[in-house]
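Chain by chain, the residues run as shown.
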Amino acid sequence: MPAPVTTPDAATTHTVQWHHTPAAPAAQPGPWSVQAIQALLDKPLLDLLFEAQTVHRQHWPAGDIELATLLSVKTGGCPENCGYCPQSAEFDTGVQADKLMAVNEVVRAAQAAKNAGATRFCMGAAWRAPKDRDIEKMSELVSAVKGLGLQTCATLGMLQAHQAQALKESGLDYYNHNLDTAPEYYQDVVSTRAYQDRLDTLQYVRAAGISVCCGGIVGMGEAPVHRAGLIAQLANLNPYPESVPINSLVRVPGTPLADSAPIDPFDFVRVIAVARITMPTARVRLSAGRQQMGEAVQALCFMAGANSIFYGDKLLVTGNPDVQADVQLLHKLGLQGHQISAMD
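These numbers come from a predicted model, not from an experiment. (Residues numbered from 1 in each chain as written. Predicted model: local features only at pLDDT ≥ 70, side-chain atom pairs only at ≥ 80, totals over all residues. Heavy atoms only, no water.)

Our next topic: the overall build of the chain. A tally of helices and strands in the chain yields 11 helices and 14 strands. Among the 344 residues that make up the chain, the fraction classed as buried is 55%. For the chain, restricting intrachain contacts to residue pairs at least 6 apart in sequence, the fraction spanning at least 24 positions comes to 76%. Of the roughly 14400 Å² of accessible surface on the chain, a fraction of 54% belongs to carbon and sulfur atoms. (Helix = DSSP H or I, 4+ residues; strand = E, 2+ residues; numbered from the N terminus. Buried < 20%, exposed > 50% of the residue type's maximum accessible area, 1.4 Å probe, protein only. Contact = heavy atoms within 4.5 Å. Areas by Shrake-Rupley, 256 points an atom, 1.4 Å probe, with all protein chains shown as cover.)

Put into structure tokens, the structure is as follows:
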């Protein structure tokens, strides 16, 4: 018999079933309280990992890892003051502002990513909120990448409803817009927008029929309760995101958070595990900060239920483990890249 799996209200036992393509995220049996999530985070690590892996195997085939590639198609010059971001125009980080990349440049990068095994291609642009003319140009990029047979994702800042609809019509599969942290800690990280602005964008994206990619960053000086609060916000979205990237802060010189104390690796693994338990059918993505983790911590993250990674040598403007290193790690662990099927 598998071990009991905690839900917000009670411990229940579930029969393990395999699903090669998970169903869309379902509404939760009840809201996850911050206290319930904190209780999960506080469990003995091995118990937590066992529970997370049990939940994971109820909803996902063993060893399946989605490989996603992220390209900065418009770098630098962002007017936001997000304390973690080297692309903010307010901070001196050495990042130069560039114009939007041409379609043929993006297509070449997307084809290279596909050749390397990626199945999802995400395009990031350093805008606070794109103008309609920006959306027109991004729609061209989305259509071109979609034509290669890749899943498409974009992260462009805050959207309006009609902009989300235009992106959907161009073939956009996913839109990334992270909540970053708990609402109580948000103003300590960024003051140029409100938490509700992020929630509004997610609503527009969902209403347009685009799948939601939404997660956060840990290691920004937040308290443990703020990590619980972030997971509560994500898990209580109805439905919760199809993709949940969990980032460990990459401390970039020149940003306000450059001197933040690094998160304990085991605490990071705990966040991954609790994301898996509270959002069983989401792709939980091991994202920024992998370069600093080493193979052993990454392996624990996969044990905790992470089943997606950003794949390639760069995440927007920060380093990432190179492709060959990732291939070798997945081979060592007996994991394999997810293949797109007609049902995806």
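Time to look at the pattern of salt bridges. Enumeration according to the criterion identifies 10 salt bridges in this entry. Its salt-bridge partner being Glu222, residue Arg227 comes within 2.8 Å of it at the nearest N-O pair. A relative accessible area of 14% means that Arg227 is categorised as buried. Using a relative accessible area of 7% as the deciding quantity, one classes Glu222 as buried. Linked through salt bridges whose partners overlap, the residues forming this network are Glu66, Arg120 and Arg285. (Salt bridge = Lys/Arg side-chain N within 4 Å of Asp/Glu carboxyl O.)

This part covers the packing of helix 8 (residues 224–235) against helix 9 (residues 265–278). At a minimum axis distance of 10 Å, the contact between helix 8 and helix 9 shows a crossing angle of 25°. When the axis of helix 8 is compared with that of helix 9, the two are roughly parallel. Crossing hand, helix 8 versus helix 9: right-handed. Seen from helix 8, the contacting residues are Arg227, Ile231 and Ala235; seen from helix 9, they are Asp267, Val271, Val274, Ala275 and Thr278. Here the contact of helix 8 with helix 9 is built from residues that sort into five nonpolar, one polar and two charged. (Axes fitted to C-alpha atoms, helices over the stretch in contact; angles between N-to-C directions. Parallel < 35°, antiparallel > 145°, perpendicular 65-115°, else oblique. Left-handed = near helix turned anticlockwise from the far one by under 90°. Nonpolar A, V, L, I, M, F, W, Y, C, P; charged D, E, K, R; others polar.)

Running from N to C, helix 10 (residues 290–303) and helix 11 (residues 323–333) point in directions that differ by 25°, and their axes come no closer than 11 Å. On the basis of the axis angle, helix 10 is roughly parallel to helix 11. In this structure, helix 10 crosses over helix 11, and the sense of that crossing is right-handed. In this structure, helix 10 contributes Arg290, Glu295, Gln298, Ala299 and Phe302 to the contact, and helix 11 contributes Asp326, Leu329, Leu330, Lys332 and Leu333. Of the residues assigned to the contact of helix 10 with helix 11, the class counts are five nonpolar, one polar and four charged.

A few words now on the packing of aromatic side chains. Counted by the stated rule, this structure contains one aromatic pair. Ring geometry for Tyr186 versus Tyr195: centroids 5.2 Å apart, planes at 80°, classification edge-to-face. Look at Tyr186 and you get buried, because its relative accessible area is 1%. In this structure Tyr195 comes out as buried when scored by relative accessible area, which is 9%. The ring of Tyr174 has Arg120 lying over it, and the distance from NZ or CZ to the ring centre is 3.5 Å. (Phe/Tyr/Trp six-rings, centres within 6.5 Å; stacked < 30°, edge-to-face > 60°. Lys NZ or Arg CZ within 6 Å of the ring centre and 35° of its normal.)

Most of strand 4 (residues 120–125) is tucked away, with six of its six residues classed as buried. Side chains of strand 4 alternate between two faces, with Arg120, Cys122 and Gly124 and Phe121, Met123 and Ala125 buried alike. Strand direction decides the pairing type here: strand 4 and strand 5 (residues 151–155), joined by five bridges, are parallel. By the bridge assignment for strand 5, Cys122 is matched with Cys153. Of the crossover connections in this fold, the one passing from strand 4 over helix 4 (residues 132–146) to the parallel strand 5 is right-handed. (Pairing = 2+ DSSP bridges. Right-handed = clockwise from strand over helix to strand, strands pointing away.)

Here helix 3 (residues 103–115) contains 13 residues, and its C-alpha end-to-end distance of 18 Å stays within 8% of the 18 Å for a straight helix at 1.5 Å per residue. Turning to helix 3, its buried residues are Val106, Ala110 and Ala113. Viewed end-on, helix 3 has its buried residues packed into an arc of 55°, placing them on one side of the element. Those residues of helix 3 that are exposed and aimed more than 90 degrees away from the buried face are Arg108 and Asn115. At its buried positions, helix 3 is contacted by strand 3 (64–74), strand 4 and helix 4. (Expected span 1.5 Å × (residues − 1). Arc of directions from axis to C-beta.)

Glancing now at helix 5 (residues 161–170). Buried within helix 5 we find Gln163, Ala164, Leu167 and Ser170. Buried residues along helix 5 cover an arc of 120° about the axis, so they all sit on one side. Those residues of helix 5 that are buried lie in contact with helix 4, strand 6 (174–176) and helix 7 (195–207).

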